[in-house]
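# Structural overview
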Amino acid sequence: MQLSGGPVDIESVRSQAASCTRCRLSESRTQVVWAAGNLNAQVLFIGEAPGFHEDQQGLPFVGASGQLLDRLLAEVGLDRSSVAITNVVKCRPPGNRDPLPDEIESCRPYLEAQLEYMRPAVIVTLGNFATRFMIGEPIGITKARGRLFRYRGATVVPTFHPAAALRGGSDGGVPRIDAIRQDLAAVKSLVEQARPRPPAAPSAPTAAEQLGLFR
Ligand code: URA
């Protein structure tokens, strides 16, 4: 992963996450799954939580969902070197159950630090959990998809989780896989229009400081 100097000392936050015990998921995980790709990219993909393969390998989206995501990214001319990928929750929930609200809250400072470090132009939320996290409302992906949202200057593009596409089915007559394709094509255009990231204000407090991560 490439890193650059911004107001967030992302390596410190990452190393703190690696030994995190803020929630019960630390008891059953093999390892913390931090991120993949390029944290200097203009676009951040956010999934739900690591699964079995991610927990084993320490990387997000390396199982069947990740293989589909890589294929769909390639179709629009993107790959893991031109995007960053992470999850709302950095540790695998046992049996791949949904992350619980208190687990999401415990993990919140890590994703917020990643967002503040990256300041991406485009944020792609994969499925319900990431979409609700970024929009801050209990909205379902079916309602949110097709709309664009703003988060601190970034455009938030909600789309289906690749696992939902693997399960098949359609939405409003459009197969979910085609819906993701359409959304990724829109993401590619948004990324092409994005201006280079402005330099960070050195005096700004870091997300980690604001959230008391180091206390
Ligand atoms: N599903 C997710 O939401 N994230 C992963 O990393 C893998 C599968």
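Described below are features of the structure shown in this document. (Residues numbered from 1 in each chain as written. Predicted model: local features only at pLDDT ≥ 70, side-chain atom pairs only at ≥ 80, totals over all residues. Heavy atoms only, no water.)

### Digging into the side chain of Thr 125
Applied cut-off: For the purposes of this entry, the term helix denotes a DSSP run of H or I that reaches at least four residues, the term strand denotes a run of E that reaches at least two, and both are numbered from the N terminus. In this description, contact between two residues means that some pair of their heavy atoms is separated by no more than 4.5 Å.
Here Thr 125 is to be found in strand E4 (residues 122-126). Those residues in contact with Thr 125 that lie beyond four places of it in its chain are Ile 46, Ala 130, Thr 131, Met 134, Val 156, Val 157, Pro 158 and Thr 159.

### Comments concerning the site of the ligand
Condition: Whether a residue is near a molecule or strand depends on its heavy atoms: it is near if one of them lies within 4 Å of it. Two N or O atoms count as a polar contact when they lie within 3.5 Å, although within protein this holds only if one can serve as hydrogen donor and the other as acceptor, and sequence-adjacent residues are included solely when both atoms are side-chain atoms. Method for areas: the Shrake-Rupley scheme with a 1.4 Å probe, in which residue coverage is limited to the protein chains shown. For this classification, the nonpolar set comprises Ala, Val, Leu, Ile, Met, Phe, Trp, Tyr, Cys and Pro, the charged set comprises Asp, Glu, Lys and Arg, and every other residue, Gly included, is treated as polar.
Taken together, Gly 47, Glu 48, Ala 49, Pro 50, Glu 54, Pro 60, Phe 61, Asn 87 and His 161 make up the full set of residues near the ligand. Contacts to the ligand include Glu 48, whose backbone N or O atom sits 2.8 Å from an oxygen atom. At 3.0 Å, a backbone N or O of Ala 49 approaches a nitrogen atom of the ligand. For the ligand, whose accessible area on its own is 240 Å², the fraction buried by protein is 91%. Counted by class, the shell around the ligand contains 4 nonpolar, 3 polar and 2 charged residues.

### Digging into the sheet that holds strand E5 (residues 149-151)
Note the threshold: Strands are labelled as partners when DSSP assigns at least two bridges between them. Axes here mean lines fitted to C-alpha atoms, for a helix over just the part in contact, with angles spanning 0 to 180 degrees between N-to-C directions.
With respect to topology, 6 strands assemble into an open sheet ordered E1-E3-E2-E4-E6-E5, the strand pairing being mixed. The open sheet is flanked by strand E1 (36-37) and E5, the only strands paired with a single partner. Sheet contacts for helix H5 (residues 101-118): strand E2 (43-47), strand E3 (84-87), E4 and E5; angle to E2, the most-contacted strand, approximately 170°. This element, helix H6 (residues 128-135), spans E2, E4, E5 and strand E6 (154-159) of the sheet and lies at about 135° to E4.

### A short note on the nonpolar core
Test applied: By nonpolar core is meant a set of buried Ala, Val, Leu, Ile, Met, Phe, Trp, Tyr and Cys residues that side-chain atoms within 4.5 Å join together. Note on exposure labels: buried denotes an accessible area under 20% of the residue type's maximum, exposed denotes more than 50%, and partly exposed covers the range between, all computed with a 1.4 Å probe on protein chains only.
Trp 34, Ile 46, Val 88, Ile 123 and Met 134 are the most contacted members of the largest nonpolar core, which totals 37 residues. Every element with two or more residues in this core is listed here: helix H1 (10-18), E2, H5, H6, E5 and E6. Tallying contributions element by element places H5 first for this core, with 8 residues. When residues no more than four places from it in sequence are discounted, the contact partners of Ile 123 are Leu 44, Ile 46, Leu 115, Met 134, Tyr 151, Ala 154, Thr 155, Val 156 and Val 157. Residues Val 43, Leu 68, Leu 69 and Leu 126 belong to the second largest nonpolar core, which totals 25 residues.

### A closer look at the packing of aromatic side chains
Just so we agree on the cut-off: Stacked, tilted and edge-to-face are the three classes assigned to paired rings of Phe, Tyr and Trp, where Trp is represented by its six-membered ring and a pair needs centres within 6.5 Å; plane angles under 30 degrees give stacked, over 60 edge-to-face, the rest tilted. Consider the ring centre and the ring normal. A charge sits over the ring if Lys NZ or Arg CZ is within 6 Å of that centre and within 35 degrees of that normal.
Taken as a whole and assessed by the stated rule, the structure comprises 1 aromatic pair. On the numbers, 6.4 Å between centres and 75° between planes, the contact of Trp 34 with Tyr 110 is edge-to-face. Here Tyr 110 lies in helix H5 and Trp 34 lies in the loop between helix H2 (25-28) and E1, a separation of 76 residues in the sequence. We classify Trp 34 as buried; its relative accessible area is 5%. Residue classification places Tyr 110 among the buried residues on the basis of a relative accessible area of 2%. The ring centre of Trp 34 lies 6.0 Å from the NZ or CZ of Lys 90, which sits over that ring. Over the ring of Phe 133 we find Arg 108, and its NZ or CZ is 4.4 Å from the ring centre.

### Things to note about the pairing of E3
Burial of E3 is two-sided: the residues Ala 84 and Thr 86 facing one way and the residues Ile 85 and Asn 87 facing the other way are all buried. Two elements, E1 and E3, share 2 bridges in a ladder whose sense is antiparallel. Directly across from Ala 36, in E3, lies its bridge partner Ile 85. Two strands pair when backbone bridges link them, and E2 and E3 are joined in this way by 4 bridges, in the parallel orientation. Residue pairing across strands places Gly 47 opposite Asn 87, the latter belonging to E3.

### Focus on H6
Most of H6 is tucked away, with 6 of its 8 residues classed as buried. When H6 is considered as a whole, its buried residues turn out to be Phe 129, Ala 130, Thr 131, Phe 133, Met 134 and Ile 135. For H6, the secondary structure elements touched by its buried residues are E2, H5, E4, helix H7 (141-144), E5 and E6. Of the residues one or two after H6, Gly 136 is the one with positive phi, at around 75°.

Purely geometric stuff here, so don't read any function into it on its own.
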